[in-house]
Amino acid sequence: MSIGQAQSQAMLTLGLEPGASDKQLKKAYRKKAFQYHPDKGGTQEEFVIIKTCYDFLKEYGTKLIEEKPKFVGIDDVDPMAGIHVRVSYRRVG
């Protein structure tokens, strides 16, 4: 799973929209943490998932990270120069 996909999944888990503020992130986390806390009827696994999503979004933010292409191939367009470039297939990133 890429960072962008993990970010989308974490926001979905916490019920957030892309670009949510830090305040909204914290509020969503607290609401879900209270709802799924083991002392309130949730399970340890659910609570850990909520905490992990919160920690991930604190580090990467809620503005969606654009995915970069994983492979480049022959005759891919160079967006900076507007010309075709010739490259061999290789893994990027």
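Since the model is a prediction, treat every value here as computed from it, not as a measurement.

Let us now look at the overall build of the protein chain. Within the protein chain, the regular secondary structure consists of 3 helices and 4 strands. Starting at the N terminus, the α and β elements of the protein chain follow one another as α-α-α-β-β-β-β. Looking at the protein chain as a whole, 24% of its 93 residues are labelled buried. Total accessible area on the protein chain is roughly 7300 Å²; 55% of this is exposed by carbon and sulfur atoms.

The next point concerns the nonpolar core. Grouped together as the largest cluster of nonpolar side chains are 15 residues, with contacts concentrated most on Ala-10, Leu-14, Leu-16, Leu-25, Tyr-29, Tyr-54 and Leu-57. Taken together, the elements giving at least two residues each to this core come down to helix 1 (3-14), helix 2 (22-36) and helix 3 (44-60). For this core, the element with the highest residue contribution is helix 3, accounting for 6 residues.

This next bit is on the packing of aromatic side chains. Scanning all chains against the criterion turns up 2 aromatic pairs. Centre to centre, the rings of Tyr-29 and Tyr-54 are 4.1 Å apart; their planes meet at 15°, and the pair counts as stacked. With Tyr-29 in helix 2 and Tyr-54 in helix 3, this pair connects stretches of sequence that are 25 residues apart. Of the residues examined, Tyr-29 reaches a relative accessible area of 14% and is grouped as buried. On the numbers, 4.7 Å between centres and 35° between planes, the contact of Phe-56 with Tyr-60 is tilted. Linking Phe-56 with Tyr-60, this pair stays in helix 3, spanning 4 residues, or about one helical turn. What makes Tyr-60 partly exposed here is its relative accessible area of 34%.

Here the focus is the confidence of the model for the protein chain. For the protein chain, mean pLDDT is 76; residues scoring 70 or higher make up 68% of the total. Between the elements of the protein chain, mean pLDDT differs from a low of 43, seen in strand 3 (residues 83-85), to a high of 94, seen in helix 2. Here residues 80-90 scores under 50 on pLDDT; set against residues more than four positions off or in separate chains, the count is 22 contacts.

The rules behind the values
- Residues numbered from 1 in each chain as written.
- Predicted model: local features only at pLDDT ≥ 70, side-chain atom pairs only at ≥ 80, totals over all residues.
- Heavy atoms only, no water.
- Helix = DSSP H or I, 4+ residues; strand = E, 2+ residues; numbered from the N terminus.
- Buried < 20%, exposed > 50% of the residue type's maximum accessible area, 1.4 Å probe, protein only.
- Areas by Shrake-Rupley, 256 points an atom, 1.4 Å probe, with all protein chains shown as cover.
- Core = buried A, V, L, I, M, F, W, Y, C linked by side-chain atoms within 4.5 Å.
- Phe/Tyr/Trp six-rings, centres within 6.5 Å; stacked < 30°, edge-to-face > 60°.
- pLDDT = per-residue confidence, 0-100.
- Contact = heavy atoms within 4.5 Å.

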